[in-house]
Amino acid sequence: MKLAALLVSGALAVTSGAALAHHSFAMFDQDNPIELEGTVHEFKFTSPHSFILLRVKDQDGSVTVWNLEAGSPTALSREGWTAKTLKAGDEVRLTVEPLRSGAPGGAWNVNKIKYKDGGPIAVTH
Amino acid sequence: MRNIIGIIALAGALAITIGDAQAFDDSKYPNLKGQWRRADLGGGQRGGLRFDSSKPPGKGQQAPLIPEYQAIFEANLADQAAGGQGTDPTFTCLSPGMPRIMIGYAPMEIVVTPETTYILMEHIHDNRRIHTDGRDWPEEPEPMFAGYSIGKWVDEDGDGRYDVLVVETRNLKNPRSYDASGIPFHEDGKTVVKERIYLDKADPNLLHDEITTFDNALTRPWMVMKNYRRVATDKPIWWREDVCAEGNNHVRIGGENYYLSAEGLLMPAKKNQAPPDLRYFKQSAR
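Residues numbered from 1 in each chain as written. Chains lettered and ligands numbered in written order. Predicted model: local features only at pLDDT ≥ 70, side-chain atom pairs only at ≥ 80, totals over all residues.

Draft legend 1. Looking closely at the overall build of chain A. Of the regular secondary structure elements, chain A holds one helix and seven strands. Starting at the N terminus and ending at the C terminus, chain A contains elements arranged as β-β-β-β-α-β-β-β. For chain A, with 125 residues in total, the buried portion stands at 47%. Of all intrachain contacts in chain A linking residues separated by at least 6 positions in sequence, the fraction that spans at least 24 positions is 64%. (Helix = DSSP H or I, 4+ residues; strand = E, 2+ residues; numbered from the N terminus. Buried ≥ 20, exposed ≤ 12 C-beta atoms within 10 Å, placed from the backbone. Contact = placed C-beta atoms within 7 Å.)

See below:
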């Protein structure tokens, strides 16, 4: 499985908001985060954790849909997120702690996601 | 005559109603109303929310485990580092159980009645009932993740108001761990948890839960202080619904944990993880 990352970040790992979870997030590689850029296929504002299903174009032009897990709606709502914060078609760029298996999944954090043009995600406070 | 009887009966009924209303004098209890959130925000620290908020996660918790269970804990850490869930069982939406419920993953509400103090957890509805009606322990109970809790309100400072809820919890079901790092309990299921729950004397919006755990995997009782802050708001509080099965993407098959893809298909969680055993499926070349 080719990693569909556009950039591989060598930066120091930061704690994902998803790490404030009721279960272990050690399955995500916090030491080797990657940058992903893609189009939101679906934003699931669900219990126990929220998900972005992100369509990412691989280097060979094919598309992989990544399953990206974040904090609970309770945690995200404290940062001003709602079920409508992201919608299908939004183009975003985010830092992801990928699954250790290399499969297209990972954890993300509200502090590490922006729109593709660099603009902040619009939230409600 | 019938009118007189009716009036007497009505007066009697009213007296009973008023009598019942006067039985619960909430001024005798501390004000625990509102929404409480853990004081430990957990941010900026790898390992997330931990049992002892005053210490680093994982081995940093310095859990006083006997050698056998320290070995189990360390094997669990190795499994987690490889992408597994180790001895942390909650990824399949199992209740964290006691005492882990009191980490306070989401806000909580405390409702005090004379017979029962309810701790209502927004997190996957891990609610607790603390019975204060003087009952004895149940005979041969089925263990529960939250256990069975019996408590007693105590007026420690003698001012005529209760200030501490002293609680004991028994009959806890396994599997449980203290937090997401997988610190294990003894498999014998004989954990006992004792708590002292009280408002801070200097700050009535700060709540303390002094939790002491007795377990045969420990070398000694383990005491940890959990703290919560009351949310300051004059607006109505709306509580979230938290149904874990709604969006859980973690799957356990044959003792192994897997992860669901965006399409809802199984993916490996560990590097080079084998697929699950499909012996019950008719398999044909695709």
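Draft legend 2. Expanded view of the interface of chain B and chain A. The interface of chain B with chain A comprises 42 residues on the first partner and 33 residues on the second. The residue inventory of the side of chain B that touches chain A, partitioned by class, reads 17 nonpolar, 16 polar and nine charged. (Nonpolar A, V, L, I, M, F, W, Y, C, P; charged D, E, K, R; others polar.)

Draft legend 3. Region of interest: helix H2 (residues 67–81) of chain B. Residues and elements named next belong to chain B. In this model, H2 (15 residues) spans 21 Å end to end at C-alpha, consistent with the 21 Å of a helix rising 1.5 Å per residue. Those residues of H2 that fall on the buried side of the exposure criterion are Tyr 69, Phe 73, Asn 76, Asp 79 and Gln 80. Across the axial projection of H2, the buried residues extend over an arc of 120°, all falling on one side. H2 presents Pro 67, Ala 71 and Ala 78 as exposed residues on the side facing more than 90 degrees away from its buried surface. Gly 83 lies just past H2 and shows a positive phi near 110°. (Expected span 1.5 Å × (residues − 1). Arc of directions from axis to C-beta.)

Draft legend 4. Summary view of the sheet that holds strand S11 (residues 256–260) of chain B. Residue and element names in this part refer to chain B. In spatial order, the strands read S10-S11-S12; together these three strands make up an open sheet with antiparallel pairing. Looking along the sheet, the strands with just one partner apiece sit at the ends: strand S10 (250–253) and strand S12 (266–268). When strand polarity is set aside, the average angle formed by the axes of neighbouring strands in this sheet is 50°. Taken together, the four bridges between S10 and S11 define a ladder with antiparallel strand orientation. Counted as the bridge partner of Arg 252 is Asn 257 from S11. (Pairing = 2+ DSSP bridges. Axes fitted to C-alpha atoms, helices over the stretch in contact; angles between N-to-C directions.)

Draft legend 5. Quick look at the pairing of strand S6 (residues 164–170) of chain B. Residues and elements named next belong to chain B. Here seven bridges tie strand S5 (residues 148–154) to S6, and the two strands are oriented antiparallel to one another. Paired with Ser 149 across the bridge in S6 is Thr 169. Two elements, S6 and strand S7 (residues 192–199), share six bridges in a ladder whose sense is antiparallel. Within S7, the residue paired with Leu 165 across the bridge is Ile 197.

Draft legend 6. Spotlight on the environment of Ala75(B). Residues and elements named next belong to chain B. Mapped onto the elements, Ala 75 comes out in helix H2. The exposure class assigned to Ala 75 is partly exposed, which follows from the 14 C-beta atoms found within 10 Å. Considered as a pair, Ala 75 and Asn 171 are 96 residues apart in the sequence and their alpha carbons are 27 Å apart.

Draft legend 7. Quick peek at unusual backbone geometry. Residues and elements named next belong to chain B. The omega torsion across Met 98 and Pro 99 is 0°, close enough to zero to call that bond cis. Considering the arrangement of structural elements, one finds Pro 99 in the loop between H2 and strand S2 (108–112). In this structure, the amide linkage connecting Asn 174 to the following residue, Pro 175, adopts the cis form with an omega of 10°. Structurally, Pro 175 can be placed in the loop between S6 and S7. A positive phi is found at Gln 62, a non-glycine position, where the angle reads about 50°.

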